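What follows is each chain in one-letter form.
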Amino acid sequence: MSARKIIRLSGADARPFLQNLVTNNIDLIDQGLVYAALLTPQGKYMADFFVLADGKDVLVDADESQADMLAQRLNMYRLRADVTIEISELQVKRGTGPAPDGALMDPRHPDLGWRLYGDEAGDDGSDWDAIRVANCIPATGIELDSNSFILETGFEELNGVDFRKGCYVGQEVTARMKHKTTLRKGLKVVSIEGAAPVGTEITAAGKPVGTLFTQSGGKAIAYLRYDRAKGELLAGDATLSWEG
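Residues numbered from 1 in each chain as written. Predicted model: local features only at pLDDT ≥ 70, side-chain atom pairs only at ≥ 80, totals over all residues. Heavy atoms only, no water.

Draft legend 1. Seen up close, helix H3 (residues 128-135). Regarding H3, the residues found buried are Trp-128, Ile-131, Arg-132 and Val-133. Positioned one or two residues after H3, Cys-136 has a phi angle of 55°, which is positive. (Buried < 20%, exposed > 50% of the residue type's maximum accessible area, 1.4 Å probe, protein only. Helix = DSSP H or I, 4+ residues; strand = E, 2+ residues; numbered from the N terminus.)

Draft legend 2. Fine view of unusual backbone geometry. Located in the positive-phi region is Leu-79, a residue other than glycine, with phi close to 50°. Relative to the assigned elements, Leu-79 resides in the loop between helix H2 (64-78) and strand E5 (84-87). Phi angles above zero are rare outside glycine, and Asn-159 is one such case at about 60°. In this structure, Asn-159 sits in the loop between H3 and helix H4 (171-179).

Draft legend 3. Local environment of H2. Here H2 spans 22 Å end to end across 15 residues, near enough to the 21 Å set by a 1.5 Å rise per residue. Those residues of H2 that fall on the buried side of the exposure criterion are Gln-66, Ala-67, Leu-70, Ala-71 and Leu-74. Of the surrounding secondary structure, the elements contacted by the buried residues of H2 are strand E1 (4-10), helix H1 (14-19), strand E2 (34-39), strand E3 (45-54), strand E4 (57-63) and E5. At the exit of H2 stands Leu-79, carrying a positive phi of roughly 50°. (Expected span 1.5 Å × (residues − 1). Contact = heavy atoms within 4.5 Å.)

Draft legend 4. How the structure looks around the packing of aromatic side chains. Going through the model one piece at a time under the given rule, you end up with three aromatic pairs. Geometrically, the ring pair formed by Tyr-35 and Phe-50 is tilted, given 5.4 Å between the ring centres and 40° between the ring planes. One end of the pair, Tyr-35, is in strand E2; the other, Phe-50, is in strand E3, with 15 residues separating them in the sequence. Accessibility classification places Tyr-35 together with Phe-50 in one group, the buried group. Considering the side-chain rings of Tyr-35 and Phe-155, the 5.0 Å spacing of their centres and the 20° angle between planes classify their relative orientation as stacked. One end of the pair, Tyr-35, is in strand E2; the other, Phe-155, is in the loop between H3 and H4, and 120 residues separate them in sequence. Pair check on accessibility: Tyr-35 and Phe-155 agree, each one buried. (Phe/Tyr/Trp six-rings, centres within 6.5 Å; stacked < 30°, edge-to-face > 60°.)

Draft legend 5. Seen up close, the sheet that holds strand E8 (residues 114-118). Read from one edge of the open sheet, four strands run E7-E8-E6-E9, paired in mixed fashion. Here the strands that pair on one side only, and so sit at the sheet edges, are strand E7 (104-105) and strand E9 (122-123). The sheet contact formed by strand E6 (residues 91-95) and E8 spans five bridges and is antiparallel. Bridge pairing in E8 places Lys-93 opposite Leu-116. (Pairing = 2+ DSSP bridges.)

Draft legend 6. Region of the structure containing the pattern of salt bridges. Scanning all chains against the criterion turns up 14 salt bridges. The closest approach of N and O atoms between Glu-172 and Arg-176, which form a salt bridge, is 3.2 Å. Remark: Arg-176 and Glu-172 occur in helix H4; sequence separation between them is four residues, near one turn of the helix. What makes Glu-172 exposed here is its relative accessible area of 57%. Residue class for Arg-176 comes out partly exposed when judged on its relative accessible area of 38%. Between Arg-225 and Asp-227 there is a salt bridge, and its shortest N-O distance comes to 2.8 Å. In the salt-bridge network here, residues are joined through shared partners; they are Arg-4, Asp-61, Asp-106, Arg-108 and Arg-115. (Salt bridge = Lys/Arg side-chain N within 4 Å of Asp/Glu carboxyl O.)

Draft legend 7. Broad picture of the nonpolar core. Formed by 26 residues in total, the largest nonpolar core has its most connected members in Leu-9, Leu-18, Phe-49, Val-51, Leu-70, Leu-74 and Ile-85. Mapped by element, the contributors of at least two residues to this core are E1, H1, E2, E3, E4 and H2. Other than its neighbours up to four places away in sequence, Leu-70 contacts Ile-7, Leu-38, Ala-47, Phe-49, Val-60 and Ala-62. Of all hydrophobic cores here, the second largest spans 24 residues; its members include Leu-33, Ile-137, Val-161 and Tyr-168. (Core = buried A, V, L, I, M, F, W, Y, C linked by side-chain atoms within 4.5 Å.)

Draft legend 8. Main features of the sheet that holds E2. With respect to topology, five strands assemble into an open sheet ordered E2-E3-E4-E1-E5, the strand pairing being antiparallel. Only two strands of the sheet have a single neighbouring strand rather than two, namely E2 and E5. For this sheet, the mean angle separating the axes of adjacent strands, direction not counted, is 30°. In the sheet, E1 pairs with E4 via six bridges, with the strands oriented antiparallel. (Axes fitted to C-alpha atoms, helices over the stretch in contact; angles between N-to-C directions.)

The following block contains the structure:
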């Protein structure tokens, strides 16, 4: 798993400030971790992260590659809100075995185990790629990038979006995709024979139908155009199939 950074939001407006920006209901942090994303006004993915309470403060657990950008973006939205945004020294440990005291369960899927916030970073050596592939769970910077729409990458199934919480950045596009369209593209688990680099184009009958991502144990996560991904699928030297 990639390294993490923790962003601390403090001040009287910390919770309502974040509530008005991100895809999930921040009021739920008193019950445990909340998984959420920040989108562009056009509904495209910018960053995904976990949110938790630390007394009156709010912590945002983000991938290290996105944390500084995310803190800068939050500061851009701050305006006159009574909120201070800074990178914390806290660390996160992760595992899938027995949860230590104070650990919080990963809200995306039970197989992803727990997260513990404190002075130490690390994990218990779990095969995270195998877990993600088995459950079609996208990762920051791999399956999730700036071209992603969160409903196509499974955020609803991963408890990462709340359609009743009210407005947030990109909410209108996300709600329209939920209620007025049928998704024609998205992430799926496929069977794979052979291997190919992440990002390899998937073709059917010589035409592009998607992109291959993380692979583990004869399975892979692939982004597919459902109506075109029929018959034998090829990604480099690998052969793919899926139940579509």
